[in-house]
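Notes for the structure review
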Amino acid sequence: MVTWHHRTRQGTADSGRHTHVDTRVASPYCGAAACFFMMNNILNFNIGVLGHVDSGKTSLAKALSTVASTACFDKNPQSKERGITIDLGFSSFVVDAPDNIKESGYEKLQFTLVDCPGHASLIRTIIGGAQIIDAMILVVDITKGIQTQTAECLVIGEILCDHLLVVLNKLDLVSPEKQKSVIEKMTKRILLTLQKTKFANAKVIVVAAKPGGPEVPDVEPIGVKDLIDGLQKFAYVPERDTTGPFLYAVDHCFSIRGQGTVMTGTVLQGTVAINENIEIPSLKVSKKVKSMQMFRQPVDKVSQGDRVGICVTQFDPKQLERGLVGTPGFIQTAFGVLAEVTKISYYKQPVETKAKFHVSLGHETVMARATFFGTEDELFIKNGFLYDHTYKHQQELIDLQKLEDTTYKPNHQFALLEFEKSVQIVPNSALIGSKLDMDIHTNMCRLAFKGQLLEVFTDKNYHDTHLQRVKVYKNKNKEGIIERLVNDSEVIVKNLLKKDTNVQLFMGLKVQLSTGEDGTIVGTFGQSGKLKVGITNGLQDTTKAALQKLSGGKKKVKGGQENPSSTVETIEPVKVVLNFKKYIFNNDKKLVQT
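Residues numbered from 1 in each chain as written. Predicted model: local features only at pLDDT ≥ 70, side-chain atom pairs only at ≥ 80, totals over all residues. Heavy atoms only, no water.

Before going further, it helps to examine the overall build of the chain. When you go through the chain residue by residue, the secondary structure sums to nine helices and 34 strands. Relative to its 594 residues, the chain shows a buried fraction of 51%. Counting contacts in the chain only where the partners sit at least 6 residues apart, residues at least 24 apart contribute 70% of the total. About 28,600 Å² of surface is accessible on the chain, with carbon and sulfur atoms providing 47% of the total. (Helix = DSSP H or I, 4+ residues; strand = E, 2+ residues; numbered from the N terminus. Buried < 20%, exposed > 50% of the residue type's maximum accessible area, 1.4 Å probe, protein only. Contact = heavy atoms within 4.5 Å. Areas by Shrake-Rupley, 256 points an atom, 1.4 Å probe, with all protein chains shown as cover.)

Structure (structure tokens):
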């Protein structure tokens, strides 16, 4: 087994109540029985730590954790310089498993904390982190309460997670005589905010992770023991699927001279063992797994939910800062996708077709142009997009919770997302559409819609192949007027189509006169875009009379122009209305009438 680190420290934390071991050596002599016990009797539980910038997320993670992975606690130099987390940080601590966890065969419970950045411009990274968590801690500054970014973190959590624990931090900034009233007031506000979400009645715990602030020497945190007790009760046994293709979310990468390149990340699904091959699709290469470690302990095999470092044969780590790795052939290079989507109610602007959004899928965020459509039918779409169904084009994504106009209420809404550059994704991924280019100081949620992938377009020319099969129509309406009567069953119509329109597309389409008769476009008349329309059952006498008055009431004036008489001006022209459906992804521009 490969040794990755070179010193060992053992100690206790939290006044001896919970014992944690920080093993800095993954030694071949660490004790086979001990390693086997640790890896086979411990449940790894991933908790995302999210919240507004400066709410104290990293301080909380430090207070909770004594075992840190290769990337945690603001390792990045920019983080230290700016005083904020600008990357995902990972750390862990181990406690005795509560009874409900022991019933599933685990003796120990390892919490892996995913410290997500809170700065507004770094929300891409939050989304990447949120997709690998089993539960979420929402950190709120007790002196400030829910802020814009806090709400965005809450939205992300609601999309990607079902379990939430709220931590009110920085209690030390409230004077002792006011603490009780401030705690009650802020708890009430937060529970009111959560009332309409899936996190109603979430538990609220109050702490001071770093009393006195980051500049003060180490002091005992307040409330962390209660928080650890709360986390033990909060934890559950997540569903882990060891079947299916292996998928691994890489968040950091580094090389070890003479040994290979190490990727650190979380197993999203499946399993992998030493000597198996895994694919790095962004580099278009496959590599053999040489060794693996879980928080400095060597392992031969890992599965869904595990936080692990994987050492593979050498490649340049600068080429893979983060991304997806998996079973060869499983991860797809996508140029566009079809997804079922829902508008996020916190987003106050229209979510319009043809607009561009930042679309986040796993660790990838890419600009994409959106086209929205839907159906009022109830569909079963578990097995993917239904190409046989017909869908209605939408000018914008509808917020069904606020829908007032009931003339069209879709049961399902979809989006075609056309990426500006290719991205690596997997089938059935969750996605979030955002407007991250909005002013970061605006007091508005920038998350516009959420969704689930149904179809991935891996062919760069998908517009000419797969997209042709997607039946999305627009209801179109055109209107012209009858210029003159030819005979009892034929009229000449002007202004129905533009002069340069391809009239052949409209031949045979049905029209309706404002006087009630039905007709059919049968040909063109002259070079100015006028049309011949045949009247199905002939013109009514009243219509003929009106048309005769219109044509008969015109007289020539100087220059040869027609000038309607004063009598004719009171006669309404006979309108001709053309209604049809246009399939927007159909290259032959076929028009359909029902």
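With that out of the way, let us pick up the pairing of strand 7 (residues 135–141). Looking along a regular strand, one sees the side chains alternate between the two faces of the sheet. Among the seven residues of strand 7, seven are classified as buried, and the element is accordingly described as predominantly covered. The two faces of strand 7 match: Ala135, Ile137, Val139 and Asp141 on one face and Met136, Leu138 and Val140 on the other face are all buried. Summarising the sheet, strand 3 (residues 42–51) and strand 7 pair through five bridges and their orientation is parallel. Looking at the pairing, Leu50 lines up with Leu138 of strand 7. In the sheet, strand 7 pairs with strand 8 (residues 164–169) via six bridges, with the strands oriented parallel. Within strand 8, the residue paired with Asp141 across the bridge is Asn169. One crossover worth recording links strand 7 to the parallel strand 8 by way of helix 6 (residues 148–160), and it is right-handed. (Pairing = 2+ DSSP bridges. Right-handed = clockwise from strand over helix to strand, strands pointing away.)

Applying the stated criterion to the full structure yields 16 aromatic pairs. Ring geometry for Phe373 versus Phe385: centroids 6.2 Å apart, planes at 90°, classification edge-to-face. Here the residue Phe373 occupies a position in strand 21 (residues 364–375), and Phe385 occupies one in the loop between strand 21 and strand 22 (390–394), the gap between them amounting to 12 residues. Residue classification places Phe373 among the buried residues on the basis of a relative accessible area of 0%. Each ring, one from Phe373 and one from Phe414, has its centre 5.7 Å from the other, and the planes form 20°; the classification is stacked. (Phe/Tyr/Trp six-rings, centres within 6.5 Å; stacked < 30°, edge-to-face > 60°.)

With 29 residues, the main nonpolar core has Leu60, Leu64, Phe93, Leu109, Phe111, Leu227 and Leu231 as its most contacted residues. Counting residues per element, the ones that place at least two in this core are strand 3, helix 2 (57–64), strand 5 (89–96), strand 6 (108–115), strand 7, strand 8 and helix 8 (224–234). Ranked by the residues each element gives to this core, the list is headed by helix 8, at five residues. Leave out the neighbours within four places in its chain, and Leu231 touches Ile47, Leu64, Phe93, Phe111, Ile137 and Leu165. Residues Val351, Phe372, Ala415 and Met438 belong to the second largest nonpolar core, which totals 27 residues. (Core = buried A, V, L, I, M, F, W, Y, C linked by side-chain atoms within 4.5 Å.)

Once that is clear, we can look at the side chain of Gln424. Tracing the chain through its elements places Gln424 in strand 23 (residues 412–425). Assessed through its relative accessible area of 11%, Gln424 is described here as buried. A polar atom in the side chain of Gln424 sits 3.1 Å from the side chain of Thr333. Excluding residues that lie within four positions of it along the chain, Gln424 makes contacts with Pro281, Ser282, Leu324, Ile331, Gln332, Thr333 and Glu364. (Polar contact = N/O pair within 3.5 Å; in protein donor to acceptor, adjacent residues only side chain to side chain.)

One way to put it is that helix 2 packs onto helix 8 with a least axis distance of 10 Å and a crossing angle of 80°. One way to sum up the angle between helix 2 and helix 8 is to call them roughly perpendicular. Here Leu60, Ala63 and Leu64 of helix 2 lie close against helix 8, whose contacting residues are Val224, Leu227, Ile228 and Leu231. The residue inventory of the contact of helix 2 with helix 8, partitioned by class, reads seven nonpolar, no polar and no charged. (Axes fitted to C-alpha atoms, helices over the stretch in contact; angles between N-to-C directions. Parallel < 35°, antiparallel > 145°, perpendicular 65-115°, else oblique. Nonpolar A, V, L, I, M, F, W, Y, C, P; charged D, E, K, R; others polar.)

Summarising the element assignment, Ala200 is placed in the loop between helix 7 (179–194) and strand 9 (203–206). The partly exposed category is assigned to Ala200, whose relative accessible area is 33%. On a C-alpha basis, the gap between Ala200 and Ile190 in space is 9.7 Å, while along the polypeptide they are 10 residues apart. Sequence-distant contacts of Ala200, that is, excluding residues within four places in its chain, are made with Leu194 and Gln195.

Another point: the environment of Leu539. Within the fold, Leu539 resides in the loop between strand 30 (530–535) and helix 9 (541–552). You can call Leu539 buried: its relative accessible area is 8%. Sequence separation between Leu539 and Asp488 is 51 residues; the distance between their C-alpha atoms is 5.6 Å.

Among all residues except glycine, the phi angle is most often negative; among peptide bonds, the trans geometry is most common. A positive phi angle is found at Lys170, which is not glycine, with a value near 70°. Here the phi dihedral of Asn275 falls at roughly 80°; this positive angle occurs in a residue that is not glycine. As for its position among the elements, Asn275 is in the loop between strand 12 (271–273) and strand 13 (277–280). Accessibility expressed as a relative area gives 54% for Asn275, which makes it exposed.

What follows deals with the confidence of the model for the chain. Close inspection of predicted coordinates is inappropriate for parts of the model with low pLDDT. Confidence along the chain averages 81 in pLDDT terms, with 81% of residues attaining 70 or more. Predicted confidence for residues 5–38 stays below pLDDT 50, and this span has 67 contacts to residues more than four positions away or in other chains. (pLDDT = per-residue confidence, 0-100.)

With the rule as written, the count across this model stands at nine salt bridges. Across the salt bridge formed by Lys575 and Glu479, the nearest N and O atoms sit 4.0 Å from each other. Of this pair, Lys575 sits in strand 33 (residues 575–583) while Glu479 sits in strand 26 (residues 471–487); the two residues are 96 residues apart in sequence, bridging distant segments of the chain. Asp488 is paired through a salt bridge with Lys544; the nearest N and O atoms lie 3.5 Å apart. With a gap of 56 residues between them, Asp488 in the loop between strand 26 and strand 27 (490–494) and Lys544 in helix 9 connect regions that are remote in the sequence. With a relative accessible area of 45%, Asp488 lands in the partly exposed category. Owing to a relative accessible area of 17%, Lys544 belongs among the buried residues under this scheme. Connected through shared salt-bridge partners, Asp488, Asp541 and Lys544 make up one network. (Salt bridge = Lys/Arg side-chain N within 4 Å of Asp/Glu carboxyl O.)

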